[in-house]
Every structure is written in C-alpha cells, then in structure tokens.
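# Overview (structure and organization)
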Protein chains: 2
Amino acid sequence: MNEKNFSNHIEPGYIKISDNFWNGKLELVRKEVIPYQYEALHDRVPGAEKSYCIENFLKAGEVIKKIKEGKSVPSYPVDKWVYNETNCDKNAFHGWVFQDSDVYKWLEGVAYLLMAYADDNLQKQAEEVIDIICAAQMDNGYLDTLYIINNRDEIFSNLKDHHELYCFGHLAEAATAFYKATGKRKLLDAALKFADLICDTFGENKIKGYPGHEIAEMALVKLFDLTGKKDYLKTALFFINERGKKPYYYDMVLGRETKEDNYHYNQAHKEPRKQTEAVGHAVRAVYLFSAMADIAKRTGDEELYTACLKLFDNIENKKMYITGGIGATVDGEAFSFNYDLPNDLAYSETCASIGLIFFAMRMLEISPDAHFADVIERALYNTVLSSMAEDGKAFFYVNPLEVLPEASHKDSRKYHVKPVRQKWFSCACCPPNLARLITSVGTYCLSENNDMIFIHQYIGGRFTAKNAQVKIESDYLSSGKVKIEINSQKKTGLALRVPSWCKNFSFSKEYKIKNGYAVFEICGSVTVEAIFEIKPKLIKCSNKVRENIGKAAVSYGPFIYCLEEADNGKNLHLLSINKNTDFEIKDGFITADGYKEAESNSVGLYSDYNIDKKDPVKLHFVPYYTWGNRGENEMEVYIRVKE
Amino acid sequence: MNEKNFSNHIEPGYIKISDNFWNGKLELVRKEVIPYQYEALHDRVPGAEKSYCIENFLKAGEVIKKIKEGKSVPSYPVDKWVYNETNCDKNAFHGWVFQDSDVYKWLEGVAYLLMAYADDNLQKQAEEVIDIICAAQMDNGYLDTLYIINNRDEIFSNLKDHHELYCFGHLAEAATAFYKATGKRKLLDAALKFADLICDTFGENKIKGYPGHEIAEMALVKLFDLTGKKDYLKTALFFINERGKKPYYYDMVLGRETKEDNYHYNQAHKEPRKQTEAVGHAVRAVYLFSAMADIAKRTGDEELYTACLKLFDNIENKKMYITGGIGATVDGEAFSFNYDLPNDLAYSETCASIGLIFFAMRMLEISPDAHFADVIERALYNTVLSSMAEDGKAFFYVNPLEVLPEASHKDSRKYHVKPVRQKWFSCACCPPNLARLITSVGTYCLSENNDMIFIHQYIGGRFTAKNAQVKIESDYLSSGKVKIEINSQKKTGLALRVPSWCKNFSFSKEYKIKNGYAVFEICGSVTVEAIFEIKPKLIKCSNKVRENIGKAAVSYGPFIYCLEEADNGKNLHLLSINKNTDFEIKDGFITADGYKEAESNSVGLYSDYNIDKKDPVKLHFVPYYTWGNRGENEMEVYIRVKE
C-alpha cells in the first residue's frame, strides 16, 4: 500500500451528470422510484405489500413520548424475523427486523437527488420524515424501532440475527449524505448521537460483539471522515478485529460452543484479516470488505489491505458472473464454492452487486488499477441496471443468467428466480439501494490525488475536482467516442481507463499505459479525445466454470447481451451460434448467425444417437439489463457455440 | 382393458435363480445385507446411527402387557417426525414415525430368501422377531409402536403425516411373504387382524380418510388375493376413491380450507382416476399407481386403468432418467415438471425406482407390452443395482447422474447427493427395500395366462409356471445369448421380449412380433435359443430435456455406463466423445475415442472467444451401477459429443 497512490472520489455535490443514457436512469429514479418508494414507506400503495416502516417510527415516537411523560409502556416479544398483523400485537413492531433501513436508504437517494436538483417539495417531504425518525430516538441516542417499540431491556442482546447496527449504518450513511446535500444537521446529529452510544457500548473492556449484518463499519468511517472523531474509526476497526475471534462472541451470548468453523454466513468464521475466500451472505461480505478497505486506507493497515486484495481477487476471478453478479446460491443468499456459477439457479442479488461496486471503488482509491474499474462497470451496466424495469416501477432482487418461466413457477429450487420484475416487496432492500446507487453514480467516475485525475467511468458530466474542472462528453456506449475537457490550475496527470473489453483504442494526445490507464501530462486547459472501438463480440467463460463449457456470451462494450424468447422463440436451449458469425446492430438488437436444432419428436426420451438437424437462424440479442420488460419469457445469456 | 391379456407373475416359491450375475447379488444380500440389517435393527452396529426399531416393539410390548394387567401406562407427545434421545423421554418412541416398517421390509426379504434357501437359523431369527412384533399388537388389532407407546388415544388422528397405514402395508406384505415361504401364520394373523380393524375404521359411514404415504392399498390387495376377503379390496378401492376429494379430508381434520389444489406431495391434489401427471413424492406416487393397477385388474375398472396408462406414459416419456431413476428434485423427494431432469441435482431415490418396477410389472400383467418390461430392466440394472456397494455394506438413497464431490460437500443444494455410499441410515427405507426387491427379482421375469408364457427378463433360473416348466440359461448381459427350455403340459404360446436396446436379434424358431415380444407356438418340450446383439452404443436424450442437449450417454445392453474420475482424471466436464468413435470392451471398461479440452489457464474468468485446444484421449466408461466403489470421485453419465 503506497500512500502516493491514494486518490479520492469526487463528492456528489461537485458532480453534474449530463449523459443521455444516465440522465434517463436518473430521471426514472427521480420521477418514479423515489416518489413510489415514499408512498410505499407510508403504506399507501394499493396492492403492494405493506412496509410498516414509517408506521414503526411513529409507534416508536409514541413510546419515547410516553417514557418522557413517565407513563408505562408495554413490551412485546422480540423473537421473529418478520412481524405482521397475524403473528403479533397490533401495537407491536411490524415488518422485518431491518425495516428501519428502508427509509434511510430512501433518504440517502433523496439527498443525492437534492445535490443535483433543487426540489423544495422533495426536501420538505424528507425533512418531515426526518422529524418522525428523530422523534423516535431514545435519550441515550439509541434508535431502532424494533427494540424501542417491543422491548427496551433487550437492546443489543442479539447482534447476530437482529439488525440494530445495520440500521444504524444506513442511518449514518443517509445522515451524512443529507447533511452534505442540504447543510441540515438534524439527522446527522441523531446519527452522531447513536454513533457515540455505539462507541461507548462496544470495544475493549466493553461489549466485545460485532454486527451480524455488516455496514456499521463503513458508516462509522464516513462519520469519521466528516467529523474527524477518532472513536468512530476505532470502533469500526474494533468490529473488524473482533469478528471471527474464538470463542465466538455469538456462541458466548447463546451459551454454546461451536467446535468447527461456523458463521460463514456472517463472515465471522475467521478473522477478516485472515480471510482469503469470499463466503456467506454476499451483501454482508462485500459490505465488510468495503469497510476493511476503508480502514486500511485510513490506518495504513497492510495486513487488512492484503486481505482485501485476496478477497477481491477471489470474487473477481472465481466467484463473479459475467454480469457482475455475485452470490451463486439462494441458500443464505450466498457465495457458492469457487467456480460454481450456475446460470439458472443464480442468486446474484442486486444489493450484492451494489456492494461489490462499493468495494471495488475503495480498492481503486487505494491503488488505481483498471481491473477494479472494470468490475464496477460490469456490475453497473448489467446486474445493477437490470434490476429496474424500464418504467422504474418494478425490480429484480435476483438477477439470473438463464430463465425458464415454467421452472420459476413449478420448481421450488428456482422460486427465487422471477421471470418478471416485482413490485415493492415487504423486504425492500434492493429498490432503495438501487436508488441511492444511481443517484450517486457520478461518484464512481473520477478520483483524484495531488498528482493525478483518474477517469474510471465515461459518464458525461461536469466534475469539480480539487485541482481541476473536468467535463466529460461521452458517446462511450454507442460510438466509443469520449471527449475530456480538463482545466487544471496546476500541472497534473490525467489517467483515462482503457476498458478491458476494448482491444483497439486511440487518443488525441500522447500517452503512456500504466495499470490499465492511459496517462497524460496536463497543464491548463486541455482536451483529450478518445476512441474506444466498440463492437459486438463473443466472450468465453473460463472452463473452470462447468456450467458454461462449450458456450459463449455476446458483449457490446460494457454491456452483456442475452437472448429472449420474445425475439427468438421458445426453447432457447435449442439455439447455437456460429463461432465465425458476423454481428449486425439493427433496431436495438445485435443479430448473429446461428442454428436451431429441431425439437425431438420421438415419444420416448431415449434413442440411439444421431445428429440433430440444425436449421440456420438469425439470433437476436438484447442488452441483459433490458430483459424481462415484455412479459414472462425465456432468457439466456450463454449460448452453445457450434464449432 | 381386455381380460384375455391378463397374466400373473410366478410366485417366488416357484422360482430358483441360477444366474451368474444375479446369484452374486443374491449372495451379497443373503450374506451381507440381511445379517447387517438384523444387527442394525437391534442397534448393534458400532458407529451406525441407531434404528430403535426392535427397541420400539419391545417398549410397545411392555405397554400392551401393562394394559392387560390393568396397570397405568404413561403417554408422551406425538408431535415430531423423528424422536431421539435428546428430544423426547427415554421411555417414549424413538426413531422416525415410520420406523416399524424397517423390520417388516427385512422380514419380507428374509421370506424370499427362505423360499430359495432353507436356513433354519435365519428362520429362527425371523420368528423371534415376529414374536416381539406380535407381542406389541393391541387387542383390537392395532399395531403401530409410535402410537402404542406414546398415546393410544390419538390413533389414526393424523393420517397425512404419520405412517400407521404405511407401516400396516409393509406388515401385510411381509406377513404374506413369510406365510408363503414358511406356512407359518403368526405374522399373517396379526396382519389380518390389523387389516380387519382398518376395514372397520375406514369407509363409507366411517372415517373417510386415506393414507398420507401410500402402500396400504397395494398390501390390502395382496391380503385379498391370499384370503379372498372382499373387504380388503373394497377398503383399498375406498382409499383410492377418497383421495383428493374436496373438501380435502386432511383439511377437515386440520380445521382449515385449502382454496387451490394442494397436497401434490401426497398425490391427493385431485382424485387419482383424474390424474394424468405424476407429481409429488416419487415413492408415494408409484406405490399409489401400483395399487391403482392392482385394483383395475381385479375389478375391471377401466377409468382407473386409463389413468394408470396416462401416468405411466407421463413417467416413462417425460419424467424418467436414463438410469430408470425418478424424482428430479430433493424438495419433497419429488417429481419435478415435465422434462426437468437435472443430472447433478437429481434425487432419483432407490425406493422410487423399486416402486416404478412394481408399477411396471402390474401394467405388464394387465396387458403385455415390452415397454413396461424395458422400464423394469432400465430401473433394475441401473438405479436399483447402483444403490448397493459391491461389498453389500453401504447404500445410495439418492442416485445422481453427475457428481462433483466438492459440490456435495460445499453446496447445500447438493448435500443430498452423496459421492460415496453410506452406511445404514436412521431413516433406512432404501436398503431393506432393496433387499426385498433383489430377493424377489425372479418374480419380474415371467408371467403367464392360459394361452401364453411371457418372458420379460432374461435371468437364468428355473420357473414353475402353472402350465409349464421353464428353464432359462442366460448369457444375456455378456454375449446376448439366451436359451429357453420349456416343458408345457399343453399347447401354449411363448412370448420372448425383444429388448428395446437391441436392433439385431435372432431366434432358433419361427416367431411373430407382437407388442414387442417374439411369439412362438409351443407344445411339449421345446428349446428356443435367442441371440440379442449386444454392443456399446451412444444414446441420445430427447432435446426436450434441456440438461442433456449436445450430450450423449453410453449404453451396453441394459446397462448405462458412466465416466469416473478414477479412470479419466479430474474435470470430467472437459471431456467430449467423438461421435464416430469405435468402442472397445477391455478389462471391464468400455473405451472410446474422445477429447479433453485444456483447462483454461487465464487468471480472469472472461475473455474474448477462442476455440479451446482439444487433445485426443481414450475415454474409459464403467457400468453406472458400479460407480462410487473406489472412494470419492467425480462421475458423469452424459458426455458432450464433438460433432
């Protein structure tokens, strides 16, 4: 780890996106997703599952009020994952144990929007929500409606399964963003007060526990960055260092002894700095790894950084789908073993790819290397974008690489694989996470240090760095042409990522390649034009992945493409592609030459081998992120190659 | 359904197997499996999971004794699937709710052995066990140790989940066999007394319930055949007719209403005679269908027979693995949807293939058609035989078509797929079921009616039919040569099945082909010699099965072959077979020409497409039923074909 390499991303307040492609997505989030979610959080969407999120804060506010008034407050059991109208008292907490986090994620998305667009009405809505949230905070700073409503005496008693520290993390992230967007401190003060309580509660000679679902670690670093208060960084590091120590904290709380490595699900099977393989719940894992990178950068902890490098390598090179999805098994929403990447059983949760982007960006800021930015691009343009319907009104949580609707309906092993996007879920982790990612997408484009401006993603917009003004005009996704206008107050380097998918590229100025970036010397006002040759091509997956042997996928720049039944008929598995095909781009499709095997017409399943008749067909591919917008149909990313 | 077509199999007492291949299997069962299971039932196998089976009967006998003496008897909850030393009182019932059935299956296997070999010691062991069983019977005939030990007041209160009628079925099947083998009535009388109680309890104007796990229906037909008592047949038909009627009996007991089709798991989602697709728990399904065929044959119920034809067709042509395995999903040990036959996730339970053999044999007896016998052969020589280790000491419950040991250990979706056979399980349904099937294998070879002797399976032995003596000398599995000596008291037809795998065959006498059988006119003492050309070949699976597209399997006569890592190295998925390969039979292997793709050596998972280098290799195939006898290793049945 070399401090000279460190760079920092540009804060969202210093970014103005003006990119045809991304402006469309941002508008969808602004006009559809954020308002829809606001209604959903208030349980006002007809036909949608109830959120109970605001309702819980209102109930908790009542509890706080009664306590202050010295009135008696009832208690309810804290013994479930999900509380609803049939399994608990109507006055008790409702929803999932992490329900509070939904409103925080919404607020964070709102904050990023407010940085880009002044919107008094939206800000007013947000401040009303913040008032409701803050009214629910206990005097000591504690703020989690599950325990405040149900039982104040059991706070922090089940760190493994409950999500108090997780909800704190989202509160702190939202509060930081909202403060930066508006200068309003109310939510930030609430977050800091809760953070102080956490720092007072956990640590050496205090409770030696750590969160079951990571994020508090990342959030505490954000508060440290904002306030400079070292306790926050110390507690974040404490959580990392305690995790996985034996005897397990969770076992001690439960009064039991686990003999073998346990808690893979929570990445608590061994100490994070000794971990080399990404295991367990994929979202939790990448949130943990992101925090490890955060802390390594701020403390110079080489061991932690080395673990991050190994873990990133393990994900990127053994556990990541071609779409940037991670988490190959529904069981625990988790990573499977190395090279186990089934297409039809994939979990590949939207939130996990978002977390992977967090992790990759932090690694990029520690040491610029294009492969980190390539991973961000892969996740962003495929899994993350795929999760939102083109009308912004429905979402994928699970992002499979192969779908047969009949299997999703009839085979319980694939019930998690939805053939069309779903409306708001009661467990609504992904849509608001997506909203906050898209509204802050500009922060993944650039980073800077004293010597260099790095451009990682070619999204059109204006970026105000510390040492330079940068304007990106991007036709990256269509013609591959990008124009960078940079106005630097001093002599500086400019590093432009050469995307890994691009074999032929040219720049209007002289450059040297370093770590996958074309590096230019810049002084004053300079324009660099780049052309990244973009064309459809066949991509092969390592044959260590059993699932994809003999198959290939089609890509176009950062986009992975797929076949849909709507364009290619039923039984996509009967199709194969000519390995020497020319590709054509036409009417939004990529077309290619392929074959379709005649469907077996024998009654019996088994017969003497003969070669099936294959008729030439034109294959029609669409970008993966657009699939499933035309009703239920078959989809596949990988197609057999006829050699 | 035409009564003229009806035929009956030869009872095991009239069969003497003398076949090199099968004698080896029978000896294993006699010398290893039956004695091992005897010890296991008595919990005397060091290191094996406890059965508790005999212990339960002894406990129940004590209860009966106390009741007779007017002493008080404690009660325990009947609220679990499995009772063990940690979750219930030590004096309560232990084991699975269907634990009693294990000893009945053992006794049935013993009975078939005693028909073939006089063995006083074994018979004495069996009679001692029968004494213990009968001492546990209640005065009214009821005999199920779970309820006798735990709570006499709740008998027959949970037909859906508990297995009283299932245990009765196995009792009746064992009792019938033991009576036929030895002439001893004690167990038969116990079974008849229990059967009478069941007939008095269930029916019109009585309890309108039916078994959650079918088999009582089949067993009642056996008792009807033995005794001629029509009540037994009537009750069996009642169970069939009540199943699936709405409102569901199970719902009425549970005090709830199920709106949609429910109870697929128990085949109770609709009335059996209206069912056209095999669904739910595969063993239960084929036990039900077997009983439906039994009853159709005895009552002339055309509607029931038509349902059987449809259900058999559905299994054979849409839901059966090439190995004769059924049940494609672990979830509910159940059939998946049509053409969903994943190789690596297969359940394919041994007991389900045994049940499929029951069903097919009954269909064959109603109307001879070679495809029923082909299914028996396919299941018998592949899935059923595969379930037993070559030393008779370990067993597969699940019979996958593709195994990667790492996945079985690390991927919870494949925990059910064991890479090596297991010792006796506490849930030991398969090994004793296998024992009774192998010891009665001769009963699947022949059937007869007034006009015809049908030979379905070419297993060497002597068969005393009603109208003829038949001697089969069989080299069917090696050279394909079979010699039939038949000595008929009267003019009769002889029908020899032409196996579906055989394209070239010849007979020493003139014949006509009918329904897949070569039919001869016979009078007096006649010898017919047959040659069924047997050679290795490639088999294709219908491309309606997505999993196997572009692949083929190797067969040799009735045997399906497979590749193992022990002979072909790791990464079997890298192999492909030359579609024009010659096969060689050498040292117990079938060898073929194939290719091995070089393992990808790039660090990253995704790269521009290029054709992988493929080196020619010799592929070594072994019979599927022998796999997994050399320690943990990869296995696959289907291999990619290089066109």
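Residues numbered from 1 in each chain as written. Chains lettered and ligands numbered in written order. Predicted model: local features only at pLDDT ≥ 70, side-chain atom pairs only at ≥ 80, totals over all residues. Heavy atoms only, no water.

### Overview of the interface of chain A and chain B
Interface size is often expressed as the accessible area that is lost when the parts come together. Quick reminder of the rule: Whether two residues are in contact is decided by their heavy atoms, any of which lying within 4.5 Å being enough. Summed over both partners, buried area is the accessible surface (1.4 Å probe) that two parts give up on being assembled. One speaks of a salt bridge when a side-chain nitrogen belonging to Lys or Arg is within 4 Å of a carboxyl oxygen belonging to Asp or Glu.
Facing the 66 residues of chain A at the interface are 66 residues of chain B. When chain A packs against chain B, close to 5,600 Å² is buried across both sides, 52% of that on carbon and sulfur atoms. By the criterion of area lost to chain B, the three top residues of chain A are Lys540(A), Tyr606(A) and Tyr609(A), representing 16% of everything that side buries. Counting across the interface, chain A meets chain B through 10 salt bridges.

### Some details on the domain arrangement of chain A
The cut-off we apply is this: Either an automatic procedure or a domain database provided the assignment from which the domain bounds are taken.
In terms of domain boundaries, chain A breaks down into domain 1 (49-270), domain 2 (447-499 + 513-532) and domain 3 (536-642). Distance from the C-alpha centre of domain 1 of chain A to the C-alpha centre of domain 3 of chain A: 46 Å.

### Overview of the environment of Asn205(A)
All names here are of chain A. Convention followed: Numbering of helices and strands starts at the N terminus; helices are DSSP runs of H or I of at least 4 residues and strands are runs of E of at least 2. When accessible area is computed with a 1.4 Å probe and restricted to protein chains, residues below 20% of their type maximum are described as buried, those above 50% as exposed, and intermediate ones as partly exposed.
Counting through the fold element by element, Asn205 comes out in the loop between helix H7 (186-201) and helix H8 (216-227). Accessibility expressed as a relative area gives 80% for Asn205, which makes it exposed. Residues Asn205 and Val528, spaced 323 residues apart in sequence, show a C-alpha to C-alpha distance of 57 Å.

### Observations regarding the pairing of strand S14 (residues 536-541) of chain A
The cut-off we apply is this: Being paired, for any two strands, means DSSP has found at least two bridges between them.
Here S14(A) lies mainly inside the structure; six of its six residues are buried. Judged by which residues are buried, S14(A) turns out to be covered on both faces: Pro536(A), Leu538(A) and Lys540(A) on one side and Lys537(A), Ile539(A) and Cys541(A) on the other are all buried. The pairing of S14(A) with strand S15 (residues 551-556) of chain A spans four bridges and is antiparallel. Bridging across to S15(A), Lys537(A) finds its partner in Ser555(A). By the bridge criterion, three bridges tie S14(A) to strand S20 (residues 606-608) of chain B in an arrangement that is antiparallel. Considered in S20(B), the bridge of Ile539(A) is made with Asp608(B).

### Considerations on the relation of the copies chain A and chain B
Defined as follows: Superposition of the copies used a least-squares fit over C-alpha atoms from residues whose pLDDT is at least 70 in both.
Taken as rigid bodies, chain A and chain B are interconverted by a rotation of 180° and an axial shift of 0.0 Å, the fit giving an RMSD of 0.0 Å. Taken together, the rotation and translation describe the operation of a two-fold axis. Interface overlap between copies is the fraction of interface residues in one copy that are interface residues in the other; for chain A against chain B it reaches 100%, indicating a shared surface.

### Regarding the side chain of Asp344(A)
All names here are of chain A. Basically, it comes down to this: Between N or O atoms, a polar contact is any pair within 3.5 Å; within protein, one atom must be a potential hydrogen donor and the other a potential acceptor, and residues adjacent in sequence are included only when both atoms are from side chains.
Position of Asp344 among the secondary structure elements: in the loop between helix H12 (302-318) and helix H13 (350-366). Separated by 2.9 Å, the side chains of Asp344 and Lys414 make a polar contact. Ignoring anything within four residues of it in the chain, the contact list for Asp344 reads Glu402, Lys414, Val417 and Glu547.

### Describing the environment of Leu188(A)
All names here are of chain A. With respect to the helices and strands, the residue Leu188 is situated in helix H7. Along the backbone, Leu188 and Val470 are 282 residues apart, and their C-alpha atoms lie at a distance of 30 Å. Residue contacts for Leu188: discarding those within four places in its chain leaves Ala175, Thr176, Tyr179, Leu223 and Leu226.

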